[in-house]
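# Understanding the architecture of this molecule
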Amino acid sequence: MASADGDAEASEQDSDEFPVPELRERAEACAARLREAGEFLLCSHIDADGLTSAAVATAAFERAGFDFETAFFKQLDADAVASIAATDYDVVCFTDFGSGQLDVIAPHEEAGEFVPVIADHHQPADAETEFHLNPLLEGLDGASELSGAGASYLLARALGDAADTDNRDLAALAVVGAVGDMQDGDGGLSGANEGLVADAVAAGALEEVTDLALYGRQTRPLPKLLEYASDARIPGISNDQAGAVEFLSELDVPMKDADGEWRRWVDLDADERRTVASALIRRAVSSGVPSERVDSLVATTYVLADEEPGTELRDVSEFSTLLNATARYERADVGLAVCLGDRDEALDRARTLLRNHRRNLSEGLQWVTNEGVEREEHVQWFDAGTRIRETIVGIVAGMAVGADGVSARKPIVAFADKGDGETKVSARGSGFLVREGLDLSAVMREASRAVGGDGGGHDVAAGATIPADEREAFIAAVDELVGEQISGE
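Keep in mind that this is a model prediction, so the values were computed, not measured. (Residues numbered from 1 in each chain as written. Predicted model: local features only at pLDDT ≥ 70, side-chain atom pairs only at ≥ 80, totals over all residues. Heavy atoms only, no water.)

Along its length, the protein chain carries 19 helices and 13 strands. Relative to the compact-globule value of 23 Å for 489 residues, the protein chain shows a C-alpha radius of gyration of 23 Å, a close match. Within the protein chain, the fraction of its 489 residues that count as buried is 53%. A sequence separation of at least 24 residues applies to 66% of the contacts in the protein chain between residues at least 6 apart. Total accessible area on the protein chain stands at roughly 21,100 Å², and carbon and sulfur atoms take up 43% of it. Separation between the mean location of the 41 positive side-chain charges and that of the 95 negative ones in the protein chain comes to 8 Å. (Helix = DSSP H or I, 4+ residues; strand = E, 2+ residues; numbered from the N terminus. Rg over C-alpha atoms; globule rule 2.2 N^0.38 Å. Buried < 20%, exposed > 50% of the residue type's maximum accessible area, 1.4 Å probe, protein only. Contact = heavy atoms within 4.5 Å. Areas by Shrake-Rupley, 256 points an atom, 1.4 Å probe, with all protein chains shown as cover. Lys, Arg positive; Asp, Glu negative; His and termini not counted. Charge placed at Lys NZ, Arg CZ, Asp CG, Glu CD.)

With that settled, consider the sheet that holds strand S12 (residues 454-457). In space, the 6 strands of this open sheet follow the order S8-S9-S10-S11-S13-S12, with mixed pairing throughout. At either margin of the open sheet sits one strand with a lone partner, and together these are strand S8 (374-375) and S12. Two elements, S12 and strand S13 (residues 461-467), share 4 bridges in a ladder whose sense is antiparallel. Across the sheet, Gly-455 pairs through a bridge with Ala-464, a residue of S13. (Pairing = 2+ DSSP bridges.)

Take unusual backbone geometry next. Phi is mostly negative for residues that are not glycine, and the peptide bonds are mostly trans. Despite not being glycine, Asn-167 shows a phi value in the positive range, around 65°. As for its position among the elements, Asn-167 is in the loop between helix H6 (148-160) and helix H7 (171-180). Phi angles above zero are rare outside glycine, and Asn-239 is one such case at about 60°. Of the residues examined, Asn-239 reaches a relative accessible area of 60% and is grouped as exposed.

This paragraph deals with the UniProt feature "domain: DHHA1" (unreviewed entry) in the protein chain. Within the UniProt annotation, "domain: DHHA1" (unreviewed entry) is assigned to residues 394-483. The annotated region residues 394-483 carries 40% helix and 29% strand content, and the separation between its end C-alpha atoms amounts to 21 Å. (UniProt positions renumbered as here; feature names shortened; annotations may be inferred.)

In this fold, Asp-96 is placed in the loop between strand S3 (91-95) and helix H5 (102-110). This buried residue, Asp-96, is left without a salt bridge; Arg-328 holds the nearest opposite charge, at 8.1 Å. Engagement of the side chain of Asp-96 in a polar contact is seen with the backbone nitrogen of Gly-50, the distance being 3.2 Å. There is a polar contact of 3.1 Å between the side chain of Asp-96 and the side chain of His-121. Not counting residues up to four positions away in its chain, the partners in contact with Asp-96 are Ser-44, His-45, Asp-47, Asp-49, Gly-50, Ser-53, Ala-119, Asp-120, His-121, His-122 and Gly-148. (Salt bridge = Lys/Arg side-chain N within 4 Å of Asp/Glu carboxyl O. Polar contact = N/O pair within 3.5 Å; in protein donor to acceptor, adjacent residues only side chain to side chain.)

Turning to the sheet that holds strand S5 (residues 131-133), a few remarks are in order. If you trace the 5 strands from one edge of the open sheet to the other, you get S2-S1-S3-S4-S5, paired in parallel fashion. Two strands close off the open sheet at either side, each with one partner strand: strand S2 (67-72) and S5. With strand direction ignored, the average angle separating the axes of adjacent strands in the sheet is 20°. Here strand S1 (residues 39-44) runs beside S3; their pairing, made up of 4 bridges, is parallel. Along S3, the bridge assignment pairs Ser-44 with Thr-95. Contacting S1, S2 and S3, helix H3 (residues 48-64) runs over the sheet at an angle of about 160° to S1. In this fold H5 packs onto S3, strand S4 (115-119) and S5, with an angle of close to 150° to the strand it touches most, S4. (Axes fitted to C-alpha atoms, helices over the stretch in contact; angles between N-to-C directions.)

Side chains on a regular strand alternate between the two faces of the sheet. With 5 of 6 residues buried, S1 is to be regarded as a mostly interior element. Relative to S2, S1 runs parallel, the two being bridged by 6 bridges. Bridge pairing in S2 links Glu-39 to Asp-67. Of the crossover connections in this fold, the one passing from S1 over H3 to the parallel S2 is right-handed. (Right-handed = clockwise from strand over helix to strand, strands pointing away.)

It is worth spelling out the packing of aromatic side chains at this point. Taken as a whole, this structure holds 10 aromatic pairs when the rule is applied. Look at Phe-40 and Phe-66: their rings are 5.5 Å apart centre to centre, the planes differ by 70°, and that puts the pair in the edge-to-face class. Of this pair, Phe-40 sits in strand S1 while Phe-66 sits in the loop between H3 and S2; the two residues are 26 residues apart in sequence, bridging distant segments of the chain. Neither Phe-40 nor Phe-66 differs from the other in exposure class; each is buried. (Phe/Tyr/Trp six-rings, centres within 6.5 Å; stacked < 30°, edge-to-face > 60°.)

So, about the nonpolar core. Core analysis: the largest hydrophobic core is formed by 90 residues, its most contacted members being Leu-34, Phe-61, Leu-133, Leu-154, Leu-155, Phe-382 and Ile-388. For Phe-61, the contacting residues outside a window of four places in its chain are Leu-34, Phe-40, Leu-42, Phe-66, Phe-68, Cys-93, Leu-155 and Leu-159. (Core = buried A, V, L, I, M, F, W, Y, C linked by side-chain atoms within 4.5 Å.)

Quick look at the side chain of Arg-217 now. Mapped onto the elements, Arg-217 comes out in the loop between strand S6 (206-212) and helix H9 (222-227). With relative accessibility at 7%, the residue Arg-217 sits in the buried group. Within polar-contact distance, the side chain of Arg-217 engages the backbone oxygen of Leu-212 at 3.0 Å. At a separation of 3.1 Å, a polar atom in the side chain of Arg-217 contacts the main-chain carbonyl oxygen of Leu-214. In contact with Arg-217, not counting residues within four places along its chain, are Asp-211, Leu-212, Leu-225, Arg-264, Trp-265, Val-266, Thr-301, Asp-315 and Glu-318.

On to helix H10 (residues 241-249), then. Every buried residue of H10 is listed here: Gly-243, Ala-244, Phe-247 and Leu-248. Taken end-on, H10 shows its buried residues confined to a sector of 130°, consistent with a single buried face. As for H10, its buried residues are in contact with H9 and helix H11 (270-286). Backbone nitrogen of Ala-242 and a side-chain oxygen of the N-cap are separated by 3.4 Å at the start of H10; the cap is Asp-240. (Arc of directions from axis to C-beta.)

Below you can see the structure in the form of structure tokens.
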């Protein structure tokens with residue numbers, strides 16, 4: 001028989017093995033409640049993080065033998081929660097939302113309509129619930145250290161600890177969710193996310209690689225890879241097709257294969273990659289690109305080990321974009337199926353949606369660039385009306401920051417028509433502004449509620465829904481609140 005000291009030591013070792021020890025107790029409590037229920041409803045958000053959250057949960061629930069149904073929502077507002085309460089489920093599991101809507105959920109819980117089990121990372125509303133897994137509740141940053149998919153993964157790990165699997169292979173999907181939620185800074189994923197990366201690598205599902213940090217390494221032809229390198233903005237290469245081709249032609253690296261097809265980054269050998277990367281850095285330095293942008297050209301990247309090289313699924317960033325192209329066009333079922341391993345019909349459909357998504361983003365960005373933005377004292381904004389889908393207007397807003405006429409020193413607020421007399425609002429900031437005091441989650445919540453709407457999110461990215469005729473009052477409130485935050489009042 002083991003001694004008491006031995007039991008304590010074993011318990012400590014087990015805790016150390018849990019990827020985020022601070023959240024183990026919460027994860028185990030949520031897992032225990034789901035096991036007790038056996039049957040419940042799973043509800044999740046529709047972006048890449050929401051889809052991977054649902055996929056991680058679905059895989060873990062199926063392995064545990066649970067009886068559950070899945071539903072996706074663009075927004076978890078009062079009407080959505082009421083529709084959930086009208087179902088026959090006594091327990092509802094929320095992934096990638098729920099924390100920010102606790103005040104809406106609470107009355108239904110108090111009325112005994114359902115018990116919420118929440119795995120989320122957004123700023124919690126001012127309400128309490130028993131089964132609540134959220135990094136912010138334990139002092140971890142939900143905007144940069146753990147995504148909704150990460151919270152779902154911790155729930156899956158807690159479920160796996162009581163079954164025949166530890167579910168570590170699901171950590172790779174959680175990494176896709178974190179990157180899709182833009183949690184990978186210049187040094188890659190950090191904080192609590194490091195535990196997920198370690199689990200995914202240990203499971204053989206993920207490779208952590210130092211590489212050229214440009215989007216499209218798996219799928220884009222070399223000239224396009226460099227031409228679209230807008231984050232670095234290297235004069236004579238970025239947004240310059242002829243310049244990108246000329247740059248590559250000066251290197252001892254064949255741009256085309258034996259069949260005359262453009263090569264991709266993934267097609268280059270290690271020496272060829274070093275040649276291109278070194279030349280790119282030299283050009284950036286000689287062109288006066290700021291040192292922080294030069295440094296960011298090479299960074300930690302993530303590759304899904306089991307996926308076919310040269311496909312959108314191999315690179316974590318490209319996988320997350322593919323997912324965004326599904327649920328944002330009312331096909332969450334397609335994105336979920338791809339996450340769960342469908343490489344036939346669902347993947348074909350996802351690729352078609354991705355082509356449409358890219359076209360819409362390009363047209364949306366072009367519209368913002370042509371029309372410009374309105375400027376208040378502390379924020380800038382544009383109203384796309386029906387020209388940009390409300391499900392992607394936030395992505396377009398983030399892409400527009402730093403473009404001609406759009407300041408990177410002010411938060412940007414985007415409006416799009418949602419229909420039925422409502423307007424969707426998306427707001428984006430920056431790490432610099434957050435360090436200066438910006439919290440867009442608080443801004444969106446307070447400003448929207450002041451005009452009869454609701455909102456929330458993260459300090460650096462948040463959203464809201466407001467009555468269509470309240471835009472002017474809303475933007476005035478946002479400008480005032482941001483001013484107070486930045487000035488420290």
